[in-house]
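Descriptive analysis of the structure
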Amino acid sequence: MQRLCLPIKVARRSIVVRAITTFRRNENAVARGYRPIAPLQHQSTALWHSRPFNRMSSDASNVRIKVDRSETAEGAVSLQFETLISEALSKLDAAIDLVSTQDSAGTSQDGSFDKLEHVLQDLLKAIQQRKRIESKTDLDGPSDLNISSILHLAKSFAEDVTVSSKRQDAETIIGCKANRFIDTLDQIASNQTSKTTDETDINSLPAAAIGSQSYPRKNRHNREHRQQIGSLPWFGLDIGGTLTKLVYFEPTDNGEDDTEEEVHRGQIIRQYLIPSKAYGKTGVRDEDLQLDNVLMNGRTGTLHFIRFPTDRMIPFIQLVKSKGFVQNGTVCATGGGAIKYAHDMESELSMQLHKADELQSLISGIEFIAENHPEECYYYENPLDDDNHREVIWRWSSGRCSSTDDDYSHDDRNENGLQYPYVVCNIGSGVSVLVVRGHNDFERVSGCSIGGGTFQALCSFLCHSDTFEESVKLAAKGDNKNVDKLVGDIYGSAYDSIGLSSDTVAASFGKISSPKDRDNVKVEDLARSMLVTIANNIGSIALDVAKLHDIERIVFVGNFLRGNPTAARHLSNAMNFWSKGTKTALFLKHEGYFGAVGCLDKLVDVANTDTNV
Ligand SMILES: Nc1ncnc2c1ncn2[C@@H]1O[C@H](COP(=O)(O)OP(=O)(O)O)[C@@H](O)[C@H]1O
Ligand SMILES: CC(C)(COP(=O)(O)O)[C@@H](O)C(=O)NCCC(=O)O
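Residues numbered from 1 in each chain as written. Chains lettered and ligands numbered in written order. Predicted model: local features only at pLDDT ≥ 70, side-chain atom pairs only at ≥ 80, totals over all residues. Heavy atoms only, no water.

An unreviewed UniProt entry annotates the chain as pantothenate kinase of Panagrellus redivivus. A UniProt comment under Catalytic activity (unreviewed entry) is attached to the chain, and it reads "(R)-pantothenate + ATP = (R)-4'-phosphopantothenate + ADP + H(+)". Regarding the chain, the UniProt comment filed under Sequence similarities (unreviewed entry) reads as follows: "Belongs to the type II pantothenate kinase family." (UniProt positions renumbered as here; feature names shortened; annotations may be inferred.)

Structure, rendered in structure tokens:
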């Protein structure tokens, strides 16, 4: 297999991307049966449309490219792979050329960038912040929405390619990513072009992803596209068994096509939400999790993260009604409450709730945040060492092993990042365990009713702790060894022949079975034992799944982990210990918010199809 490399050279307003491209020049491509779909102005590279590829991407398995050497001749595999890469990189190259040509101020002039990722990030910023393309260029080119979207995709694609190329199975992985990348570009292209032509077949469109002469220059924000995906404001709501998570997308781009009503309602929402971090007695905005400059459904904005107990859902609906937050807006909801409260919400708020599947939203949300927040993921070093444990950022997408990450750049674990396949273990009220094999390719393979809800309920009964936060604090102070019976308590030492150290828990709560123990036990120790019991149980289920499916990385999410490093450290230790270091426990900073983000990110799908779960 040829190895993919992306040496990037940045000179004054000229960006050269070199990679494996079998036909970067028109003649070669034509000779191989491909036809240009969008010759670009001001640049040497045309966009190429690959009919074989498009057939593949529209078939039922379009989320995965199967490069199966046993069924496919080596040459055909390479050709297919090279075609994908070539096409993707042509588009990437085209996007870069297009923007660098148009960006006359040249944000990439300083010549100091040596990584594609940095170049693209700056170009993206240039587009988002200054909007110069829209007002000052004389090109009848694509809209800023188009360019931003393409750059966003190009950026994450380029990063993915850079990282994936280091892996042995790079061919398959990059094939998948290329497929997804091009699919999405095609989707953007058809959204863009649908307003100027009745043609829906992408192959027949002269004005594909970028470089078209036929885009109208007015209405660049593409009102039709916006209407398709729902009016502002955009809210994602995950109504869970214990907590409701609300994600609000605050647009920060110029929004020139927003209606007066959308602008007005946005102001009302911002006045209420943004100045405060707490709403009533139970609503909280997690300001530390706020994400700025996020591109979502073609708009740039800030994501705000808010939560409140689900048992406050009815008062919440009344609040939303009294403030008039969502009239004509778009609310996408997931979680069990999206079904349970659908009637109340729709009738009280005179709106239609777009419902999305909880687990699908969870995975979409994880992947969306992965692309937008390079510091999202971390793991623990020395998890149970009170003095020396350390959270280490696991760069799983953008910025992985960037030059700013010297500490980790030689660490293989970081270079791998979060790539398919991975296991997700969601610890909410209950627990779901999923295997994620690729984009849109996941399966819930296990679950367990002993989860975050169990922890808080038992702490409430046994330790009289009224809140989750109090229970977590108690557990952090306690010592489970005073409550749990250890291997050492039974053997007097380790049980070496089966690999059990003397401090391994042999029987949870096993030391407090007599009445006298009961009287002496401290609530902190009880809370800690509860936490360890639950974490070990969940860890064992997640690990079994990882072993069964031969997957190395296990990502733990859910609000049981919110402000609860003790639990995360125990989970980490359990993974290390029981897998003998072959599996890694990863944690995500937006712990319980992925479902809400995912259903918001799926705005296009849910608004169009009105998914019923
Ligand atoms: N403020 C809180 N109130 C109640 N439970 C909380 C709180 N913060 C974290 N938790 C923990 O998070 C769990 C709920 O997690 P979450 O991911 O929101 O799941 P769900 O969707 O089932 O509500 C609770 O069972 C509890 O263990
Ligand atoms: C039913 C649920 C998906 C609901 O999600 P949650 O509100 O707990 O986040 C989850 O609680 C669960 O998977 N429970 C475990 C069910 C079982 O497999 O035993």
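There's more to say after this.
A separate point is the pattern of salt bridges. In the structure shown here, the tally under the stated rule is 14 salt bridges. In this structure, Lys321 and Glu348 form a salt bridge, with 3.1 Å as the shortest nitrogen-oxygen distance. Of this pair, Lys321 sits in helix α10 (residues 313–323) while Glu348 sits in helix α12 (residues 342–349), placing them 27 residues apart in sequence. With a closest N to O distance of 2.4 Å, Arg562 and Glu469 form a salt bridge. Remark: Glu469 occurs in helix α16 (residues 468–477) and Arg562 occurs in the loop between β20 (553–557) and α20 (565–579); sequence separation between them is 93 residues. Several salt bridges share partner residues, and in doing so they unite Asp253, Asp258 and Arg299 into one network. (Salt bridge = Lys/Arg side-chain N within 4 Å of Asp/Glu carboxyl O. Helix = DSSP H or I, 4+ residues; strand = E, 2+ residues; numbered from the N terminus.)

Right, let's get into the pairing of strand β13 (residues 377–381). Most of β13 sits out of view: 4 of its 5 residues are buried. As paired elements, β13 and strand β21 (residues 584–588) share 2 bridges and run antiparallel to each other. Bridge pairing in β21 links Cys377 to Leu588. Summarising the sheet, β13 and strand β14 (residues 390–393) pair through 4 bridges and their orientation is antiparallel. Residue Tyr380 lies in a different strand from β14, and its bridge partner there is Glu391. (Buried < 20%, exposed > 50% of the residue type's maximum accessible area, 1.4 Å probe, protein only. Pairing = 2+ DSSP bridges.)

To continue, consider the packing of aromatic side chains. Tallying each qualifying case throughout the model produces 16 aromatic pairs. On the basis of an interplanar angle of 80° and a centroid distance of 5.9 Å, the ring pair of Tyr378 and Tyr380 is categorised as edge-to-face. Here the aromatic residues Tyr378, Tyr380, Phe556 and Phe587 are joined through ring pairs into a cluster of three or more. (Phe/Tyr/Trp six-rings, centres within 6.5 Å; stacked < 30°, edge-to-face > 60°.)

Now for the site of ligand 1. Around ligand 1, the surrounding shell holds 16 residues, and the nearest of these are Thr242, Leu243, Lys245, Ser429 and Gly452. Protein burial of ligand 1: of its 560 Å² of free accessible surface, 88% is covered by the chains. Going through the elements one at a time, β6 (243–251), α15 (452–463) and α16 are the ones with two or more residues in the shell around ligand 1. Grouping the amino acids of the shell around ligand 1 by side-chain chemistry returns 3 nonpolar, 9 polar and 4 charged. The two domains that each donate at least three residues to the shell around ligand 1 are domain 1 (234–370 + 597–610) and domain 2 (390–401 + 416–483 + 521–589). (Near = heavy atom within 4 Å. Areas by Shrake-Rupley, 256 points an atom, 1.4 Å probe, with all protein chains shown as cover. Nonpolar A, V, L, I, M, F, W, Y, C, P; charged D, E, K, R; others polar. Domains from an automatic or database assignment.)

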